[in-house]
Every structure is written in C-alpha cells, then in structure tokens.
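# Descriptive structure summary
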Amino acid sequence: MMGDASQEATFRDASGLPRPEEPRSWKPLLIPRERIEEEIARLSCLAVPAGGRRAADIIHPQATEPGLGVAPGLGISINVLRPGESVVLPRDNANRVEFAIGGTGHALIGEQKLPIARWSVWTCPTMIRRQYRNDGDDVMAWLSYSNVPVLEKLGIHYSDAAESRPPFTSVNGVSGEVRFRRSTAPDHAILEDGARFRGYEFLTDIEVVENKALVWPFAETEPYLTTVEGDGKRTIMLLYNPATGRRNGTTHSFFATLASWAPGVERLPPARGHKHTSTACNYHFRGSGMSIVDGQRYDWRAGDLMLSAPAWSEHAHGAGEEGSTVLTIQDHPFQIGMESLIWQEKMDGPILTLGAEAGQTGYVGPRLEGVD
C-alpha cells in the first residue's frame, strides 16, 4: 500500500512579505527561594516512586506543549535524594549542566565518579548512564539544566534503559574489514574557494571528540573570583569544557559562568542594559541584588532562581552591599552552532554576529570594562 505524502501539504505565497519581526521574548520569571525550598520538602516526603527519581520540572507560564520549560530552549528540574538513597537514570540524547544546592554525595556518569558538594557544577554528556547517590546526612538536592525542550519541540527526545551497547562486529551483515569508511572516502576540492565534495561516510562516521563528564567543585573555583574589593580578581569566569571547542561551552548547548561581586558597595544596574538572542537564567546563591529587564525592576536574594535574560530582552544586573554570587546558564554554544547568536552591547550601538565577525571586547565582567 502506497501512502500519499503530499496530501497534507499547503503553500503560502511569501512574495513581498515584510521583513521578519523582532524576536518575541518571553517574560522574565523569578522563582523565590521559598518556593524552591517548599518543593524540595514536598519531594523529600514522597514515597520512592517508580524508577526512584524524585523530581519536579519548572515550567514558565508561556510554555506550550511539546517542550515545556523555563525558556523555549531550557528545561530546569529540581531533583532530590534522601540520605542513603541512590537512583539510576536511563540514557537519553539530551545534555545537561547540573548544580548542587544542598547535601553531599556523588554522581557516577558513565564510568566517571564525580564528588558532589554544595554549589558544585557538573556535566552529563548525551546518551550516557547516570547514577546519583546521597552519601551525607542531609537531603541532597540539585538543579538539572537541559536542552530537553528543544528536543521535544523537534520530536526527537529519545530515552532508553540500556546500560551498554552490543559490540560492533559488522556492517550490512559483512564481518571483518570495512570497505567504506571515513579514512578512505572520496574528498574532492570544488573550485578554489574551499568548497569540498565528500563521501557519505563523513556524515555517518563523524570524527569523535571525547566529551567526558566534568565537575567544578566550588572550593576549587571560588579562589579565582573576586571576594574583596580591589583584590584584582575577575568578576565572572566560564566553566569551560574543552570538548566544545570554539563554542566555549560547558556543554555543547550551554555555558555556565560563576559571577561574584565583592561586598561593601551597592552596585546599581547601569542606566541601559545589553541584549542577545541567547537566553540566560541565574541562580543566586549568595547575597542579593536587582535586575532591570525591559525596564522592569526585579529584586532577588540568595536562593532565588530567575529567567533574567529572555532572548533579545534588554537587561542589566546589580548587587547589594553584601555582594552576590551567581551561577548563570545560557544557551550561547547552541546558538553559535546555529550561527544565530547576535549581541548588542549598547542600545545605540552595532548588532554583532558572535562567532562570525569580531565580537565584543574589553569586558572582564557583566558590563565591567577592562583595560588590561
């Protein structure tokens, strides 16, 4: 029986249509510390569910199915283990940055055992088995940031319970030497401008770049951040995974940065902010401050989670007198890969295509100019 693949197709005349609209930003979203703590307490009181995972997804009120999340490309879940508990999670094709907000334990990501303490950051590469164990006396809670909403929008979020894959022994039922492989595939230069004409093997046997699970204990990263006014240290630093290359990511979808403002001086946001098409979400784990997003003020303090920079929203941040320490997750690497990342540092200045032309220089922290 032959199906009619074209029966649902329609055409839209795009001739003479106006230029695309400005990106449509979501509204900022502030999740107070109390609501996060209440959810952790609720999850902790649950009986062990099927599969052993106690978790809650955080959903923005503008999110629609499929692909519910805090932003169109960002999912965040709260995860909880009681003392002595462990959970094994199936493989899936999402990638994750995770952040401990309470308790101690370890994560076994594939064959790598990562120590987990409060304010540790770690990564979970795609299609890898994950096991978490609470080794401490308190509830272990962590935030998991993922690209699941994008995968669900595309209809390609895949998960299985396999712990290992069968060994590779043959291609098309033929054992032994493989005739068609990347190392022997044709690769021809076309004209003289760099264009090439390659065998299909380059698509089916992509060069492997090792992408290990990595952990950044806060005790190891904090010494590099400013803690005292005038100490000469940086206000913001990137948690870099070498596997991401020029995308400068923590995973291939997200970068994570730690930012620290020293106590002693209240830093108000600048009169105008900046904006970019990448979406940023801040978890404030020390101190307090404020954000101005599209002209609206939002006050935050330690323990608050905030969608602080919806895509293409003008935003600026400042810290209170007690200073502040913030984890920011942003889908910067994903957009570099799509070549869609644009950035406007000054509202009357140029719009830069980061990664495709010379970018913004001279900054050592959020809106802080450096001369070194």
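It should be noted that the structure appears before, not after, this text.
Residues numbered from 1 in each chain as written. Predicted model: local features only at pLDDT ≥ 70, side-chain atom pairs only at ≥ 80, totals over all residues. Heavy atoms only, no water.

## Points about the overall build of the protein chain
The test is simple: To qualify as a helix, a DSSP run of H or I must reach at least 4 residues; to qualify as a strand, a run of E must reach at least 2; elements of each kind are numbered from the N terminus. Note on method: radius of gyration uses C-alpha positions; expected globular size equals 2.2 Å times residues raised to 0.38. Partly exposed residues are those whose accessible area sits between 20% and 50% of the maximum for their type, while under 20% is buried and over 50% is exposed, using a 1.4 Å probe and protein chains only. All accessible areas in this document rest on Shrake-Rupley with a 1.4 Å probe, and a residue is counted as covered only by the protein chains that are shown.
In terms of regular secondary structure, the protein chain is built from five helices and 28 strands. For the protein chain, the C-alpha radius of gyration of 23 Å lies close to 21 Å, the compact-globule estimate for 372 residues. The principal-axis extent of the C-alpha atoms belonging to the protein chain is close to 70 × 60 × 45 Å. Expressed as a percentage of the 372 residues in the protein chain, the buried residues total 43%. For the protein chain, the exposed surface amounts to about 21000 Å²; the carbon and sulfur share of it is 53%.

## A few points about the pairing of strand E3 (residues 75-81)
Heads up, the rule is: Strands qualify as paired when DSSP identifies two bridges or more between them.
For E3, the buried fraction is high: seven of the seven residues fall into the buried class. Taking every second residue as pointing to the same face, both faces of E3 are buried, with Gly75, Ser77, Asn79 and Leu81 on one and Ile76, Ile78 and Val80 on the other. Summarising the sheet, strand E2 (residues 54-58) and E3 pair through five bridges and their orientation is antiparallel. Bridging from a neighbouring strand, Arg54 pairs with Val80 of E3.

## Some details on the packing of aromatic side chains
Here is the rule we go by: In this scheme Phe, Tyr and Trp rings, the latter by its six-membered ring, pair at centre separations within 6.5 Å, and the angle between planes marks the pair as stacked below 30 degrees, edge-to-face above 60, and tilted otherwise. Charge-over-ring placement is defined geometrically: NZ (Lys) or CZ (Arg) within 6 Å of the ring centre, and within 35 degrees of the ring normal.
According to the stated counting rule, one finds six aromatic pairs in the structure shown. Ring centres 5.6 Å apart and planes at 65° place the aromatic pair Phe99 and Tyr283 in the edge-to-face group. One end of the pair, Phe99, is in strand E6 (residues 96-102); the other, Tyr283, is in strand E21 (residues 280-293), with 184 residues separating them in the sequence. Phe99 sits in the buried class, given a relative accessible area of 0%. A ring pair is formed by Phe99 and Phe285, whose centres lie 5.4 Å apart and whose planes are at 55°; its orientation type is tilted. Taken as a pair, Phe99 in strand E6 and Phe285 in strand E21 lie far apart in primary sequence, 186 residues in all. Among the aromatic side chains, those forming a connected cluster through ring pairs are Phe99, Trp119, Phe218, Tyr283 and Phe285. The ring of Phe202 has Arg198 lying over it, and the distance from NZ or CZ to the ring centre is 4.0 Å.

## Quick look at the sheet that holds strand E8 (residues 112-116)
Basically, it comes down to this: Orientation is described by lines fitted to C-alpha atoms, with helices fitted over the stretch in contact, and by angles between N-to-C directions that extend from 0 to 180 degrees.
Spatial strand order, E4-E10-E7-E8: four strands in an open sheet with antiparallel pairing. Only two strands of the sheet have a single partner each, and these edge strands are strand E4 (86-89) and E8. Taking the axes of each pair of neighbouring strands and ignoring which way they run, one obtains an average angle of 15° across the sheet. Inspection of the sheet shows strand E7 (residues 105-109) paired to strand E10 (residues 130-134) by five bridges, in the antiparallel sense. Within E10, the residue paired with His106 across the bridge is Arg133.

## Focus on empty space enclosed by the protein
Spelled out, the test is: Points on a 1 Å grid over protein atoms alone make up a cavity when a 1.4 Å probe fits among them but cannot get out, and a pocket when they form an open set with protein on both sides within 12 Å along at least five of seven lines; lining residues each have an atom within 4 Å of a point. Grid points are joined across faces, edges and corners, and a volume is the space filled by probe spheres set on the points. Residue polarity follows a fixed list, in which Ala, Val, Leu, Ile, Met, Phe, Trp, Tyr, Cys and Pro are nonpolar, Asp, Glu, Lys and Arg are charged, and the others, Gly among them, are polar.
Within this structure, the stated rule accounts for two cavities of 30 Å³ or more. Of the voids in this model, the largest cavity is the one considered here, and its volume is about 40 Å³. The wall of the largest cavity is formed by Ala71, Gly73, Leu74, Phe254, Thr279, Ile329, Gln330 and Asp331. Partitioned by chemical class, the residues of the lining of the largest cavity number four nonpolar, three polar and one charged. Approximately 30 Å³ is the volume found for the second largest cavity. Lining the second largest cavity we find Arg53, Arg54, Asn79, Val80, Leu81, Val87, Leu89 and Trp142. Elements with a minimum of two residues in the lining of the second largest cavity: E3 and E4. Of the residues forming the lining of the second largest cavity, the biggest block, three residues, is contributed by E3. Here the residues of the lining of the second largest cavity sort into five nonpolar, one polar and two charged.

## As for the environment of Arg198
Going by this rule: Whether two residues are in contact is decided by their heavy atoms, any of which lying within 4.5 Å being enough. A 3.5 Å cut-off defines polar contacts: any pair of N or O atoms within that distance qualifies, except that in protein one atom must be a possible hydrogen donor and the other a possible acceptor, and neighbouring residues in sequence count only when both atoms are side-chain atoms.
In this fold, Arg198 is placed in strand E16 (residues 196-198). Through-space distance from the C-alpha of Arg198 to that of Pro186 is 5.6 Å; in sequence the pair is 12 residues apart. Beyond its immediate chain neighbours, meaning those up to four positions away, Arg198 contacts Pro186 and Asp187. At 3.2 Å, the side chain of Arg198 and the side chain of Asp187 are in polar contact.

## What about the side chain of Ser144?
Topologically, Ser144 is positioned in strand E11 (residues 140-146). Residues within four places of Ser144 in sequence aside, it is in contact with Gly75, Ile76, Ser77, Asn79, Arg96, Val97 and Glu98.

## Thoughts on the pattern of salt bridges
Inclusion rule: For this document, the term salt bridge refers to a Lys or Arg side-chain nitrogen within 4 Å of an Asp or Glu carboxyl oxygen.
According to the stated counting rule, one finds 14 salt bridges in the structure shown. When the shortest N-O distance is used, the salt bridge between Asp299 and Arg297 registers 2.9 Å. Residues joined in a network through salt bridges with shared partners are Arg33, Glu34, Arg301 and Asp304.

## Remarks on the pairing of E8
The pairing of E7 with E8 spans five bridges and is classified as antiparallel. Following the sheet pairing, Leu108 is matched in E8 by Lys113. With antiparallel pairing between neighbouring strands as the criterion, E7 and E8 make up a hairpin whose turn holds two residues, including Gly110 at a positive phi of roughly 65°.

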